[in-house]
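Residues per chain, in single letters:
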Amino acid sequence: MKSSRAIRIITSLSVGVVLIASLSWLGLGQVSGQISRIDVFGSLKDRPEKTSRALNYLVVGSDTREGLTKAQIKALRVGSTAVAAGGRSDTMLLVHISKARDAAFIVSIPRDTLVTIPAHRSQDGTRDIPARPGKINAAFAFGGAPLLIQTIEDKTNLKIDHYVEVSFAGFTGVVDALGGIEVCSKVAINDPKSHFVMAAGTHVLDGIEALKYVRTRDFDGRGDIGRMERQQQFVGAVLRKATSSGVLLNPIKLTRFYNATISTVKMDSSVNKNDLLTLAKQMRNLSSSSVRTLTVPLSDPNGSYPGVGSVVIWDEELSTDLWTRIRGDEVLVETIKPTAKATTNAVIIDKFKSKTAADNPCAPAK
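Because the structure is predicted, anything quoted here is derived from the model rather than measured.

Conventions we followed
Residues numbered from 1 in each chain as written. Predicted model: local features only at pLDDT ≥ 70, side-chain atom pairs only at ≥ 80, totals over all residues. Heavy atoms only, no water. Helix = DSSP H or I, 4+ residues; strand = E, 2+ residues; numbered from the N terminus. Buried < 20%, exposed > 50% of the residue type's maximum accessible area, 1.4 Å probe, protein only. Areas by Shrake-Rupley, 256 points an atom, 1.4 Å probe, with all protein chains shown as cover. Contact = heavy atoms within 4.5 Å. Expected span 1.5 Å × (residues − 1). Bend = angle between axes of the 7 residues up to and from the residue. Phe/Tyr/Trp six-rings, centres within 6.5 Å; stacked < 30°, edge-to-face > 60°. Lys NZ or Arg CZ within 6 Å of the ring centre and 35° of its normal. Core = buried A, V, L, I, M, F, W, Y, C linked by side-chain atoms within 4.5 Å. pLDDT = per-residue confidence, 0-100.

Asker: Let's hear about the overall build of the protein chain: which residues, and what values?
Answerer: Across its full length, the protein chain carries 10 helices and 20 strands. Burial statistics for the protein chain: of 366 residues in total, 52% are counted as buried. Total accessible area on the protein chain is roughly 16,800 Å²; 51% of this is exposed by carbon and sulfur atoms.

As structure tokens, then:
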């Protein structure tokens, strides 16, 4: 159902991204042993070239209900565990960690993105399906993580190094382990589909109320695009809360944080304990101010394609520039400094309209 899609998106944001970003503050000897492993790269061929020591994680939200209590399922109205048997997903985030491990980009990929789904075997294994146009979320449904990765790599010419799959069962645990998350809205929200009502202003939401908040998509007429922007603000709030409250610097608090989420995470089988420990040591200086969130540049968020239906179409020029910069581990935001004789201030150019996780929309206006 539509309401569960938002939960999958924000689960990936708040669990998958924080999982990656906060590795540097935790001894991983026990944690790495608890993460389920899945083989996603073994069958892939003709992959893009690896161009730097930067890391690219594909974070995917699975709609499995495993781990949710009956009370949570009832409160969230997301159906039983049988509804999502087999696992599906339409949530995709590309998390790029710089080769210096001091910066990260989180790129939201809309689930209805128009792509060419590569040739693959049918789900029942009886026939070969030729390459054809489709929505990117269909790649996961047709061929799981391997076909999704192949589709994204073909579309971006960017090599995916690691894969993280997260169910949304741990979302309430993330929020509650942090003592609630602050959100704000300039207008009142009353969305009957997400069953969420909130007055205009700033509020601290617990896990269940936060789930209702991130399910909201119909109150402002912007649909999934507006919802994705709010969800990016939410992950910024999660990162700010985690760092400012000392959670990521306190081994005891961090262990509690992981205990609330780690059982919902699967990672590719190529990740091992030493990889995580090395990444942890390298990422000690990563902060919310050095994490930028953005959506793939779009030319038409309400496009259509024959035989496929309504689709999201990327801006060819800007999206190509974005993936080229990420592939080369280049900056997304440029600063043009004035000459010594100039009286003007430096000019900031951000053609991708990114935000930092440190940007707080709830902060008082200066």
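Asker: Tell me about the side chain of T113, residues and numbers included.
Answerer: Summarising the element assignment, T113 is placed in the loop between β4 (104-109) and β5 (114-117). Residue classification places T113 among the buried positions, given a relative accessible area of 0%. Other than its neighbours up to four places away in sequence, T113 contacts G134, K135, I136, V312 and W314.

Asker: Before we move on, could you go through the environment of S43 and cite the residues and values that matter?
Answerer: Counting through the fold element by element, S43 comes out in the loop between β1 (36-38) and β2 (55-62). Residues S43 and P146 lie 103 residues apart in sequence; the distance between their C-alpha atoms is 7.3 Å.

Asker: Go over helix α4 (residues 136-156), please, and point to the residues and values.
Answerer: For α4, built from 21 residues, the straight-helix expectation of 30 Å at 1.5 Å per residue is missed by more than 12%, its first-to-last C-alpha distance being only 12 Å. The sharpest bend along α4 measures roughly 135 degrees and falls at G143, with the proline P146 sitting one to four residues further on. Positive phi shows up at N157, right after α4, with a value of about 60 degrees.

Asker: Any details on the packing of aromatic side chains? Residues and values, ideally.
Answerer: In this structure the tally under the stated criterion is three aromatic pairs. By the ring-pair criterion, three or more aromatic residues cluster together here, those being F196, Y213 and F234. Above the plane of the ring of W314 lies K155, whose end atom (NZ or CZ) is 4.8 Å from the centre.

Asker: Tell me about the nonpolar core, and please be specific about residues and values.
Answerer: Judged by nonpolar contacts, the single largest core of 32 residues is most densely connected at L58, V107, L148, I149, Y163, L322 and W323. For this core, the secondary-structure elements that each account for two or more residues are β2, β3 (91-97), β4, β5, α4 and α10 (316-327). For this core, the element with the most residues is α4, which contributes nine residues. Ignoring any residue separated from it by four or fewer positions in sequence, one finds V107 in contact with M92, L93, L94, L294, T295, V296, L322, W323 and I326.

Asker: Tell me what's going on with the confidence of the model for the protein chain, and back it up with residues and numbers.
Answerer: For the protein chain, the mean per-residue pLDDT works out to 80, and 74% of the residues sit at or above 70. Here helix α1 (residues 2-21) is the element of the protein chain with the lowest mean pLDDT, 53, and β5 is the one with the highest, 98. When the criterion is pLDDT under 50, residues 6-12 qualifies, and its contacts beyond four places in sequence or with other chains add up to 34 contacts.

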